[in-house]
Amino acid sequence: MTETAAEIAERYFTPSEPRFWRWSGQNCAEIEGNWEPTSLIAFRAELVSILTALQPQGWPPLSSLLLVMAASRESWMMSRDLIGMIFGHSWPNNPFVADVGGQLDRLHALPPDLRESTGAKIRLMRVIFEGSRPVLDAASAKEALQYLTSVVPLREPETWAPDPNHTLIIPRFADWTRSLRIGLARLNEEALRNRQQTGLDDVVVPAPITTPPPLPEEPATHAARLWSWSHDPQLYGIARIARQLLSVVSWPRSVSQPDDLPLGGVSDLTNRGPLDRLLLTELANDDVTLIVRIALNEALYLRRECPRHDSPVSRMILVDAGLRMWGRPRVFGAAVALAMAAAQDRETALSVQVAVTSREGWQSADVSTRAGAMALLGALSPTLHPGELLEDWRAAKETDAAQSEFVLVTTPDVFRQPEFQQQLRQLPTDFRIALVDGQGRFELRSHSSHGWRTECTAELDLDELLQAPPDTRSLPIRTSEPDRYPVILRTEPFPLLLTHQLEPQFCFPAPDDKLISLASGGRVLLWTQPQRGGRQLAIDIPRGRVETWSTRPTIASSHGRQVTAVLRAKQWTLLTIDLEYRSCKTVELKSERSPADPTVRAVILPECVIVMSKRGMEAFSPFSGELLAKTAYNLRDFKFYGNRYLTTSQPNWFRLTLTDGKIDLLSMKTTTETALLVDLPPNFSSDGPLEISAFGQNMPKESPVPPFRGNLTSAEQHDNYVVLTGKFEMLSGKAANRAASCAIWDLNTPGEGWTQSYANQPTALHAKLSTKFQARPPLRTKFASLACDGHGVALLTTKQHWWRFMIVNDQLRLVLKPTPSNPAPAVPFERLRWPGMTLTMHAAKLDNGNTVWLDSRGLLHLLPADTQQPEISLVLDANAISGWMSDGRQFGDAYYLTNFLSGVEQLSVQTAWQTLIAPFFGVPA
C-alpha cells in the first residue's frame, strides 16, 4: 500500500535506531538522554533553513545531516563522547565509528567562519552530500518541509515513537553514514573557501593564451579564393554555390578588346613602315626602282589610325538584404555577387564593386577578402524592398571616367511588388536584376528601352550545395557502436589509390595523357601516373558503357578543364568531370530512345548533346539534360562516323548543328574520294573540317594526319582521335613503311602515328589509351570469415582456403596457406545494411571488441574499440598490401599511396605490423 505524504514525512523526522538523538520540548534536536544543555544539536528554525536550501536536490538521511550539524558546533568534543556512549563503543575501537569520527573531527577543526553560521552549514551540506542519492526526492522533500513547519511544533516529544524496524546498531550506523563518509573525505578548507567566493571547488586560473598562427594570404584571383573558401567551415556554402554558378551561367561582359594592330583608317603618309602598307603606286615601279626607293627611305607608306582607347568598365552590384531575402536567399544572393566578381579574373579592364543594403542604407563589401565576404553575409536590412536606396546608390557609384554596369540582386517576391516597380521606373534605362529564391532558381534579367529580357536562367540544388563538405565536418570518432563507421569513408579526397580491371567499354581519355575509368559501385577513377593506381573522384555514379566522350569546351564546361562523356546506363547519362577541382556531375538525358538499343548513337557537340536513331534525333542541354529540340528526320540511309558529320550512300556529307532551337543538317561540299570529315582542335588554323580521302597520299602537306596509301574499309573520329581500318601502308611517322590493319592518330600530337594489328577499333583505341597505365588485378577472392590464432591472422574464403597475412621481403602480403590441423574459431563476416550505402560492406567483431569491415573495393578497415587509437584501412593485394591510418600516416607499396598531403609520415611495414595491426588482432607480432 502506497504511503501518504504525511506518513513519509513522519517516518523521515522520527528518530531511527540506533537512537542517538531526540526531539526536545522546544522542538530542538538534541542528543538522546538527560544531559547538560551542551547536548544540543540544532534548533528547529536552523534545521528549517538548511532543509529549505537542500530541498531542490533532495534530502540525505536526517541522522547523517544532524551528525554534521553536531560536529559544526563548539560543543562537539563533548557531543562525540556522548554519542559514542549511546552506541556502546568508544570512537577508536569500532571501524565505522572511528572512520566517521575522525572525519567529523577534521570538520570541527575548520575555522569557525566555515562551519558555525547557517550559510556555512548549508555550504558544508552541499559539498558533503553532492552526488549522493537522497532518501527523499525534491517533491517529497517539499511536502515534508510543510510537515516540519506545521506539524512538528505541535507534537510533544513523547509522541515520537522509535522506529519499529530495529536492526543491529553497527550495520544501521553504516547505512546512515555511507554517503557521509564519502563526502567528508573530500572536505578541505581550500575547497570551502573557493566554494564560498566563486561557487567552485577549484581555484579559477586564467586560460593559457597562445598566439594564433598568422592567417594565410588571400589568393590572388576570385576563382582561387572560391576554391579555398569551399573548404572553410563558415564560407563553404556560399563558395560552392558561386563556383556552381561560374560553370552554368553566362555573365554580362563587355565586347572583347580590339586587336593590338591599329586597323583603323589612314591618318598620314610616312617613309617607314611594313611592306604590306606600301602605296599601290610604289608597287607599280619595276623591281630595281622599288628596291632602291625602299633602301633609300624614299618609298611612301600608309600610316593607320590608332584604335580608340576604350574606357574601363565598372560593374556595380547591390545585394538586397531585406526581410524577403533572409534565410537561404541571403546566401544565394551573396554567392551571385561573388560569381559576378569572378569575371574580373579574365577582364583586366573590368572593376567590380559590391554593396549590400543595411540598417543605415547601404554599405560596401570587399569580396576579395574573407572578412569582406563575412561582412556581406552579416549585413541585414529590416526593409521590404531596396527601392528607396537605388537612386542614391547608383548616383554615388556612377562616375564619368568609367562605363558603369548596374546589377541588383533580390528575390522574385520583391521584384513583383508594385512599390518596387514604381521605383525601378525612375531609374535610367540600362540595368540588370538577378533574381534568386530559396529553392535554387536563378534568373538574370536586363532592362533596356525595349523592356525586360531574360539573359540566362539556372536551377541549383541548394540542399546538396549547402551541405558541409567532408573535410569541413568534424569526424565523429567518439560515436556509439551502432553509429560508427570507418573514417576513410568520410575523408575527401580519398587518401588511397585504387585499382580495378580496365575494360574498353568503361574507359575514356582525358587531356595530358590521363585516363578515366568507371568501376563497380558507381566509382570514377582518374589515372595520371604510370605504375600507380587511380584516384577515386566520385562514387554512386550510374555505371554504364561509354558511348562517346569529349575534351573540348561545351557550354556546361566553360570553366576549368573538364571532360564530358555519355554513358549507356539505365538511362542515357551525361557525366561531366572537372579535372581542376576533381569533381563529378551527372545529368540524366530523358530520351525516348532506349540505351539498350545498339542502333541508337550519341554525339557531344559544343552546344548540345544529340541522341540519334534511324527515326530521328533529340538534342539535350549539356547542363540540365533538358530536351532542347527533336526532329523526325529519316536517317535510315545515313552513316554515322562518331562525330558531327553524317553521310549518305551517294555520298553526300552533312553537318549536325543546333540553331535557334532546331536541329539542322547542313550540306557540305566535298570530293567523291572523301572517306571522313574531321573536326580539328583549336590549335589548328582551318576554316573548315579536314577531309580524309580513301587514298591518304592525296592529303595536304599541312594535314595533322600522316599520309598513307592503300584501301580504307572504315574511318571514324572519336573526339581528338582518328581511327582508320583497312589494308594500307603509312608513309611517315613512327610506324612508317609498315603495313597496318588499324591506325590511330591523336590530333593533339600531329606527326606521330600509332599502329596496332587489331581489326577491332574499340580494342585498338583502348590499347592506345591504357598502354601507359598498369592496372593490377584486384584480389577477387570472396572472404567469408576471419580467424586469429598463434600463427597470425587469416582470411577464409567460402571454400575454407586460408589466406594469411605475412611479411615477405619487407612487404605485407596475403599468402595462400594450407588449412591448419587445429584451426582457430573463425568469426564470420555479416552483411551490413546501411542507408544510402552503394558499396557492399561486411563486418566481423572480434573477441577483444575491435571491429573489422570488409569493403567490396578490396579494402579492409580496422576499427579499434578504443576510439583514441587510429583506424587503419588496408588495400588487399596479392603482391603487396598498403595502408592508411586515420591520423594521416601511411605505409606499404607506393602503387596505392597518394602524395597530395605534404609532410605525410611514412611508416615501415614492420613497424605498422608490430605496433598497430598485430595488437589490433591480438596475435603475436
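The structure presented is a predicted model; accordingly, all values stated were derived computationally and were not measured.

Focus on the side chain of threonine 410
Mapped onto the elements of the fold, threonine 410 is located in strand E9 (residues 403-410). Taking relative accessible area as the criterion, threonine 410 reaches 0% and is therefore assigned buried. A polar atom in the side chain of threonine 410 sits 3.0 Å from the side chain of aspartate 320. Excluding anything up to four places from it in sequence, threonine 410 contacts Asp320, Met325, Ile433, Ala434, Leu435 and Val436.

Notes on the sheet that holds strand E1 (residues 21-23)
Read from one edge to the other, the open sheet built from 3 strands follows the order E1-E2-E3, with strand pairing classed as antiparallel. The open sheet is flanked by E1 and strand E3 (40-42), the only strands paired with a single partner. Each strand axis lies, on average, 35° off the axis of its neighbour in the sheet, ignoring direction. Bridge count between E1 and strand E2 (residues 29-31): 3 bridges; the pairing is antiparallel. Within E2, the residue paired with arginine 22 across the bridge is glutamate 30.

Brief notes about the nonpolar core
In this structure, Phe13, Ile41, Leu51, Trp59, Met69 and Leu187 are the most contacted members of the largest nonpolar core, which totals 52 residues. With 8 residues, helix H3 (residues 62-72) is the single largest residue contributor to this core. Apart from residues no more than four positions distant in its own chain, phenylalanine 13 is found in contact with Trp21, Trp23, Leu51, Trp59, Leu62, Ala144, Tyr147, Leu148 and Trp160. In this structure, Leu226, Leu235, Phe332 and Phe623 belong to the second largest nonpolar core, which totals 49 residues.

A short note on the environment of glutamine 244
Looking at the element boundaries, glutamine 244 is found in helix H12 (residues 236-248). Under the relative-accessibility criterion, glutamine 244 is labelled partly exposed at 23%. The spatial distance from the C-alpha of glutamine 244 to the C-alpha of aspartate 461 is 9.8 Å, given a sequence separation of 217 residues. The contact partners of glutamine 244, leaving out residues within four places of it in the chain, are Leu460, Leu465 and Lys585.

Topic: the confidence of the model for the protein
Residue-level pLDDT values for the protein average 78, and 81% of them are 70 or greater. Throughout residues 256-260 the model reports pLDDT below 50, and contacts reaching past four residues in sequence, or to other chains, amount to 3 contacts. Taken together, the stretch residues 555-559 has pLDDT below 50 and engages in 17 contacts with residues farther than four places along the chain or on a different chain.

Some words on the pairing of strand E43 (residues 859-863)
In terms of burial, E43 is largely enclosed, as 5 of its 5 residues are buried. Of the two faces of E43, the one holding Leu859, His861 and Leu863 and the one holding Leu860 and Leu862 are both buried throughout. Two elements, strand E42 (residues 851-855) and E43, share 5 bridges in a ladder whose sense is antiparallel. Looking at the pairing, threonine 851 lines up with leucine 863 of E43. Strand direction decides the pairing type here: E43 and strand E44 (residues 872-875), joined by 4 bridges, are antiparallel. Among the inter-strand pairings, leucine 859 is bridged to a residue of E44, identified as valine 875.

Comments concerning the packing of aromatic side chains
We describe a pair of aromatic rings using the distance from one ring centre to the other and the angle between the two ring planes. Under the criterion given, the structure shown has 11 aromatic pairs. Centroid distance tyrosine 12 to phenylalanine 13: 5.2 Å. Interplanar angle 85°. Geometry classified as edge-to-face. A network of ring pairs unites the aromatic residues Tyr12, Phe13, Trp59 and Tyr147 as a single cluster. Looking at arginine 776, its charged tip hangs above the ring of tyrosine 895, at a distance of 4.3 Å from the centre.

Some points on the sheet that holds strand E41 (residues 841-845)
The strands that make up a sheet are held in pairs by hydrogen bonds between backbone atoms, and each pair lies either parallel or antiparallel. Taken together, the 8 strands give an open sheet; going across it, the order is E40-E41-E42-E43-E44-E45-E46-E47, and neighbouring strands pair in mixed fashion. Across the chains shown, the open sheet's two edge strands, defined by having one partner strand only, are strand E40 (830-831) and strand E47 (906-907). Where helix H22 (residues 909-921) meets the sheet, it contacts E42, E43, E44, strand E45 (882-885), strand E46 (890-891) and E47, and its direction lies at approximately 65° from that of E43.

Conventions used here
- Residues numbered from 1 in each chain as written.
- Predicted model: local features only at pLDDT ≥ 70, side-chain atom pairs only at ≥ 80, totals over all residues.
- Heavy atoms only, no water.
- Helix = DSSP H or I, 4+ residues; strand = E, 2+ residues; numbered from the N terminus.
- Buried < 20%, exposed > 50% of the residue type's maximum accessible area, 1.4 Å probe, protein only.
- Polar contact = N/O pair within 3.5 Å; in protein donor to acceptor, adjacent residues only side chain to side chain.
- Contact = heavy atoms within 4.5 Å.
- Pairing = 2+ DSSP bridges.
- Axes fitted to C-alpha atoms, helices over the stretch in contact; angles between N-to-C directions.
- Core = buried A, V, L, I, M, F, W, Y, C linked by side-chain atoms within 4.5 Å.
- pLDDT = per-residue confidence, 0-100.
- Phe/Tyr/Trp six-rings, centres within 6.5 Å; stacked < 30°, edge-to-face > 60°.
- Lys NZ or Arg CZ within 6 Å of the ring centre and 35° of its normal.

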